Amino acid sequence: MAKWRIGDVTVTKVVELEVTGGSRFLLPQATPDAIKPIAWLRPHFADESGRLRMSIHTFLVETPDRRIVVDTCLGNDKENRNIPHWNKMQTRFLADIAEAGFPRETIDTVLCTHLHVDHVGWNTMKSGDTWVPTFPNARYLMGRTEYEHWRIVDGRPDMAFILADSVTPIVEAGLAELVETDHRLCPEISLIPTVGHTPGHVSVRIVSRGEEALITGDFMHHPCQIAHPEWSTNADSDRDRGIQTRLEMFERLAGTPTLVIGTHFAGATAGRIVRDGDTYRLDVP
Ligand SMILES: [Zn+2]
């Protein structure tokens with residue numbers, strides 16, 4: 001279990017699912033032949049044959065007075081998911097976060113960087129025939145723009161299922177709080193808008209005692225996009241805006257001590273962005 005300290009704040013990663021390969025649909029430009037020349041991706045982010053390593057994990061963020069879950073993965077018992085093995089999952093996720101020191105009742109804040117399937121799943125858990133909040137003592141923060149967008153969207157039956165089992169029960173329980181894309185949660189933690197992947201997508205900025213980190217969310221899915229900011233995923237709402245966001249973020253982060261903690265980065269998961277010729281790479285400590 002990876003853990004980072006940023007001043008008075010700790011960030012702990014708990015993995016729900018890790019995969020190698022099978023990312024052709026998600027990132028079609030990241031073919032094995034295109035990945036192999038990017039040597040720094042190995043061993044954490046790609047294997048010797050150029051297949052991508054990826055991870056679905058949550059981050060447990062502890063400040064002097066808050067206990068925050070950033071993104072809640074896929075969840076157990078969910079159905080009607082597009083990817084077959086994401087249905088009726090039975091993982092040890094709740095036991096794993098408890099073992100990491102974060103039993104679900106102790107969480108005071110849940111933050112979803114956006115409302116895609118792999119970021120809201122554990123918002124709820126199955127109790128009999130209904131979905132109940134997994135974190136009963138938490139306020140669940142969701143972007144207002146994000147929520148309004150998906151609430152009215154037509155033609156995405158998959159999103160209708162996701163909202164119905166993982167978002168609406170939170171709203172109905174009175175635990176949802178819709179926030180702006182630059183919301184500040186507490187002195188150390190604030191949101192920054194990183195739109196493109198979804199219309200209201202945010203990343204999470206952590207600042208404490210002169211140290212700084214950024215939890216990416218999905219403005220990039222894999223470190224290969226640091227070398228190739230122009231590579232988009234098929235899950236992006238607005239590809240051009242997504243590319244622009246990556247270029248702006250890499251420009252802003254490159255050469256700084258900000259620790260970049262990737263929401264789907266496998267292995268070491270975190271590093272610092274540095275310039276690399278006309279592009280960038282992730283420098284893993
Ligand atoms: Zn995701």
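Small disclaimer: the values here were computed from a predicted structure and weren't measured.

Some words on the overall build of the chain
Within the chain, the secondary structure is distributed over 8 helices and 16 strands. Along the longest, intermediate and shortest principal axes, the C-alpha atoms of the chain span 55 × 45 × 35 Å. Taken across its 285 residues, the chain has 54% of its residues classed as buried. Pairs at least 24 residues apart make up 67% of the contacts formed inside the chain by residues separated by at least 6 positions. When the accessible surface of the chain is split by element, carbon and sulfur atoms take 50% of a total near 12,000 Å². The distance from the centre of the 30 positive side-chain charges to the centre of the 39 negative ones in the chain is 3 Å.

A short note on the coordination of the zinc ion
Taken together, Asp 118 (OD), His 119 (NE2), Asp 218 (OD) and His 264 (NE2) make up the full set of protein donors to the zinc ion, lying 2.1 Å away. Each of the 4 donor atoms around the zinc ion contributes to a set of angles spanning 84 to 168 degrees, which defines the coordination as irregular. Look at where the donors of the zinc ion fall in the sequence and you get D-H-x98-D-x45-H. Each member of the pair Asp 118 and His 119 is classed as buried.

Some thoughts on the sheet that holds strand β11 (residues 189-193)
Read from one edge to the other, the open sheet built from 7 strands follows the order β10-β11-β12-β13-β14-β15-β16, with strand pairing classed as mixed. Two strands in the sheet have a free side with no partner beyond their single neighbour: β10 (184-186) and β16 (279-283). Adjacent strand axes in the sheet meet at a mean angle of 30 degrees, parallel and antiparallel pairs treated alike. As defined by bridge partners, strand β13 (residues 211-215) adjoins strand β14 (residues 259-261) across 3 bridges and the pair is classed as parallel. Each bridged residue has a counterpart across the sheet, and for Ile 215 the counterpart in β14 is Ile 261.

Some thoughts on the layout of surface pockets
Volume-wise, the largest pocket comes out at about 840 Å³. As for the largest pocket, its lining consists of 29 residues, and the residues nearest its centre are Phe 25, Leu 26, Ile 83, Trp 86 and Val 117. Listing elements by their share of the lining of the largest pocket, those giving two or more residues are β2 (9-20), β3 (53-62), α3 (117-120) and α5 (157-166). Looking at the lining of the largest pocket, its residues break down into 13 nonpolar, 11 polar and 5 charged.

Remarks on the pattern of salt bridges
Two side chains that carry opposite charge are able to pair once their charged atoms sit near each other. Inspection of every chain in the model, using the stated rule, returns 16 salt bridges. Across the pair Glu 105 and Arg 104 runs a salt bridge, and its minimum N-O distance is 3.8 Å. Residue classification places Glu 105 among the partly exposed residues on the basis of a relative accessible area of 41%. According to the relative accessible area criterion, Arg 104 is partly exposed, its value standing at 24%. When the shortest N-O distance is used, the salt bridge between Arg 151 and Glu 148 registers 2.8 Å. In this pair, Arg 151 and Glu 148 both sit in helix α4 (residues 144-152), 3 residues apart, roughly one turn of the helix. For Glu 148, a relative accessible area of 32% puts it in the partly exposed group.

What counts and what doesn't
Residues numbered from 1 in each chain as written. Predicted model: local features only at pLDDT ≥ 70, side-chain atom pairs only at ≥ 80, totals over all residues. Heavy atoms only, no water. Helix = DSSP H or I, 4+ residues; strand = E, 2+ residues; numbered from the N terminus. Buried < 20%, exposed > 50% of the residue type's maximum accessible area, 1.4 Å probe, protein only. Contact = heavy atoms within 4.5 Å. Areas by Shrake-Rupley, 256 points an atom, 1.4 Å probe, with all protein chains shown as cover. Lys, Arg positive; Asp, Glu negative; His and termini not counted. Charge placed at Lys NZ, Arg CZ, Asp CG, Glu CD. Donors = N, O, S within 2.8 Å, 3.2 Å for Na, K, Ca; no water. Tetrahedral: all angles 85-135°; square planar, octahedral: opposite > 155°, others 65-115°. Pairing = 2+ DSSP bridges. Axes fitted to C-alpha atoms, helices over the stretch in contact; angles between N-to-C directions. 1 Å grid on protein atoms, 1.4 Å probe; cavity = no way out; pocket = protein on both sides within 12 Å on 5 of 7 lines; lining within 4 Å. Points joined across faces, edges and corners; volume = space filled by probe spheres on them. Nonpolar A, V, L, I, M, F, W, Y, C, P; charged D, E, K, R; others polar. Salt bridge = Lys/Arg side-chain N within 4 Å of Asp/Glu carboxyl O.

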